[in-house]
Amino acid sequence: MSELINRENKYYMQVARRQPVVIVKGEGTIVWDEDGKEYLDFTAGWAVNNLGHCHPVLVKAVQEQAQTLMQTSNQFFTVPQINLAQVLIDNSCLDRIFLSNSGAEANEGVIKLARKYGKLHRDGAYEVITALNSFHGRTLTMAAATGQPHYQEQWQPLAPGFVNVPYNDIESIKSATNAKTCAVMVEPVQGEGGVNVPDAGYLKAVRQWCDENNLVMILDEVQTGIGRLGSLFGYQKFGIEPDAITLAKGLGGGVPIGAFLAKDKFCVLAPGDHGSTYGGNALTCAGAFAVVNYIVKNKIADEVNSLSEHLKTGLESLKEKHKAIEEIRGMGLLIAVQFNADISGDIVGQCNQEGLLLNPVRPNAIRIMPPLTVSYSEIDIAISKLDAAIGKITS
Ligand SMILES: *Cc1c(COP(=O)(O)O)cnc(C)c1O
């Protein structure tokens, strides 16, 4: 094991299940380890590096901002914050934005908004319905929102005010709704939960239910937002307009940032209700603005649809060949391959050897989420590496 990994084992809290790879450099879809070995990175920093690693547009924006102005408090206005707010609002169905530093924080903020809306306009209602198998972040409150026992059991007592119901099941939302309910929050496609795409009518039915009952419809787009599903925002794929969304991951393309956006009717937070020292920081906003602006101007999300078809076709051909593959599912460049046994850890380990980085999202499934700028030939190479890895593990 490398000296660096030994040092990490000595000094870092052992909370991450890491692959034995020390990444020292990245460019586009490629990263290099400490020995100079090259990998195709189909994890993209967990669906963060949407323009690939160190895209010149992002690097330049951050460099220039770093030598101009990095941080002011939110007692003042800054140019990058206003630019970022505008490009997101002008290109979405939402009217206003608040900037945070992460996805979990964005979700915390939007729950405050929903509770205040419930207090003002639904008789003090405060309960939020979320889905089983969801993922909304690692703060204590988001542990209650995240409908997975693994993220909840150790942190009892959980924050009150959340009900977890089966995903892709509108009836379960209807029966969980009562006088205390103020909002429904779901992911357009569940990412961390194993890449679960809902039926075509699900989000429409949620939309209608929220309209009928004066509930805030919140979409957690931390993973699906900013082009990942083949549209700038995931909701655009489902023919609905949510009342509020949260973003993070791909929003910064590598700089840490999050956001929640809402329609005017739901913008009930008043001065002093919410805030963040770093939220909307000039440095990260300059980076995020460069990323979003580039993705919008160059219609990157459109290309994601053809890249997705290409990737799925390649994976389907692997499915024909390898009996171990049970299912290919996903949307845009958020795809999972499910196996008939708990071999995803072995497959990912073998892919490391082959020079391809993937995420074992479930014991029996891998998640594939390359940068949105991945090329067709890089997809072909990744397919052949995965082919070799599956062959070696299942032979
Ligand atoms: C990653 C993720 C989060 C949490 O984001 P952090 O930046 O890690 O706090 C929340 N929701 C979804 C859907 C995610 O994928």
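Quick caveat, the model's predicted, so the values are computed rather than measured. The residue numbering used here restarts from 1 in each chain and proceeds along that chain's sequence as written. Selection of residues for local features in this predicted model requires a pLDDT of at least 70, selection of side-chain atom pairs for listing and counting requires 80 or more, and totals for whole chains, interfaces and linings are taken over all residues. Side-chain measures were taken over the full set of non-hydrogen atoms in the model, leaving aside hydrogen atoms and water.

**Digging into the sheet that holds strand 11 (residues 325-331)**
Two pairing modes exist for strands in a sheet, parallel and antiparallel, and in both the strands are linked by backbone hydrogen bonds.
Here comes step 1: One open sheet holds the four strands; their spatial order is 11-12-15-14, and the pairing between them is antiparallel. Looking along the sheet, the strands with just one partner apiece sit at the ends: strand 11 and strand 14 (359-362). The average undirected angle you get between the axes of adjacent strands in this sheet is 30 degrees.
Here comes step 2: With four bridges connecting them, strand 12 (residues 334-339) and strand 15 (residues 365-368) associate as antiparallel partners. Its bridge partner being in strand 15, I335 is matched across the sheet by I368.
Here comes step 3: In what follows, a contact means two residues having at least one pair of non-hydrogen atoms within 4.5 Å. Orientation is described by axes fitted as lines to C-alpha atoms, over the contacting stretch for helices, and by angles from 0 to 180 degrees between their N-to-C directions. Put simply, DSSP H or I for four residues or longer makes a helix, DSSP E for two residues or longer makes a strand, and each gets a number counted from the N terminus. On top of the sheet, helix 11 (residues 300-321) reaches strand 11, strand 12 and strand 15; it is set at about 175 degrees to strand 11, its chief contact. Pairing between two strands requires that DSSP report at least two bridges joining them.

**Considerations on the site of the ligand**
Here comes step 1: Nearness of a residue to a molecule or strand requires only that one of the residue's heavy atoms be within 4 Å of it. Surveying the vicinity of the ligand reveals the residues S102, G103, A104, N107, F135, H136, G137, E187, D220, V222, Q223 and K249.
Here comes step 2: Taking D220, its side chain carries an N or O atom lying 2.7 Å from a nitrogen atom of the ligand.
Here comes step 3: Tallying contributions element by element places helix 5 (residues 103-121) first for the shell around the ligand, with three residues.
Here comes step 4: Three classes are used: nonpolar for Ala, Val, Leu, Ile, Met, Phe, Trp, Tyr, Cys and Pro, charged for Asp, Glu, Lys and Arg, and polar for all others, with Gly counted as polar. For the shell around the ligand, the per-class residue count stands at three nonpolar, six polar and three charged. Side-chain atoms alone can form a polar contact between residues adjacent in sequence; in general such a contact is a pair of N or O atoms within 3.5 Å, and within protein one must be able to donate a hydrogen while the other accepts it.

**Here we look at unusual backbone geometry**
Here comes step 1: In this model, Q156 is joined to P157 through a cis peptide bond whose omega is -5 degrees.
Here comes step 2: Positive phi, close to 50 degrees, is recorded for C54, a residue that is not glycine.
Here comes step 3: Tracing the sequence through the fold places C54 in the loop between helix 2 (44-47) and helix 3 (56-66).
Here comes step 4: Accessibility here uses a 1.4 Å probe with only protein chains present; expressed as a share of the type maximum, an area under 20% marks a residue as buried, one over 50% as exposed, and anything in between as partly exposed. Overall, C54 belongs to the exposed group, its relative accessible area being 52%.

**Here we look at the domain arrangement of the protein chain**
Reports often express the size of an interface as the amount of accessible area lost when the parts come together.
Here comes step 1: Throughout the structure description, domain borders are defined by an automatic or database domain assignment. Per the domain assignment, the segments making up the protein chain are domain 1 (3-54 + 300-394) and domain 2 (57-297).
Here comes step 2: Taken over C-alpha atoms, the centre of domain 1 sits 26 Å from the centre of domain 2.
Here comes step 3: Counting residues at the interface gives 27 residues for domain 1, matched by 30 residues for domain 2.
Here comes step 4: Accessible area that two parts lose when put together, evaluated with a 1.4 Å probe and summed over both, is termed the buried area. At the boundary of domain 1 with domain 2, total buried surface from both sides reaches about 2,300 Å², with 60% on carbon and sulfur atoms.
Here comes step 5: Only one rule defines a salt bridge in this text: a Lys or Arg side-chain nitrogen within 4 Å of an Asp or Glu carboxyl oxygen. Applying the counting rule to domain 1 against domain 2 returns one salt bridge.

**Concerning the environment of A262**
Here comes step 1: Within the secondary structure, A262 sits in strand 10 (residues 258-262).
Here comes step 2: For A262, a relative accessible area of 1% translates into the label buried.
Here comes step 3: Contact partners of A262, with chain neighbours within four places excluded, come to L94, D95, R96, L113, D243, A244 and C267.

**Notes on the pattern of salt bridges**
Here comes step 1: Tallied over the entire structure, the rule returns 14 salt bridges.
Here comes step 2: With a closest N to O distance of 2.8 Å, E8 and R18 form a salt bridge. One end of the pair, E8, is in helix 1 (residues 3-11); the other, R18, is in the loop between helix 1 and strand 1 (23-27), and 10 residues separate them in sequence.
Here comes step 3: We note a salt bridge from E327 to R329, for which the minimum N-O separation is 2.8 Å.
Here comes step 4: Residue classification places R329 among the buried residues on the basis of a relative accessible area of 14%.

**A closer look at the packing of aromatic side chains**
Here comes step 1: For this analysis, a ring pair means two rings from Phe, Tyr or Trp (six-membered ring only for Trp) whose centres lie within 6.5 Å, classed as stacked if their planes differ by under 30 degrees, edge-to-face if by over 60, and tilted for the remaining angles. Scanning the model with the defined rule gives five aromatic pairs in all.
Here comes step 2: Taken together, a centroid distance of 4.8 Å and an interplanar angle of 45 degrees make the contact between Y117 and F266 tilted. With a gap of 149 residues between them, Y117 in helix 5 and F266 in the loop between strand 10 and helix 10 (282-297) connect regions that are remote in the sequence.
Here comes step 3: Relative accessible area serves as the criterion here: at 2%, Y117 is assigned to the buried category.
Here comes step 4: Judged by its relative accessible area of 5%, F266 falls in the buried class.
Here comes step 5: Each ring, one from Y167 and one from Y202, has its centre 5.3 Å from the other, and the planes form 70 degrees; the classification is edge-to-face. Of this pair, Y167 sits in the loop between strand 6 (162-165) and helix 8 (170-176) while Y202 sits in helix 9 (residues 202-213); the two residues are 35 residues apart in sequence, bridging distant segments of the chain.
Here comes step 6: We classify Y167 as buried; its relative accessible area is 13%.
Here comes step 7: Placement of a positive charge over a ring is assigned whenever Lys NZ or Arg CZ falls within 6 Å of the ring centre and within 35 degrees of the normal to the ring plane. One residue, R18, lies across the ring of Y12, its end atom 5.0 Å from the ring centre.
Here comes step 8: The lysine or arginine in question, K25, covers the ring of W32, its NZ or CZ lying 5.5 Å from the ring centre.

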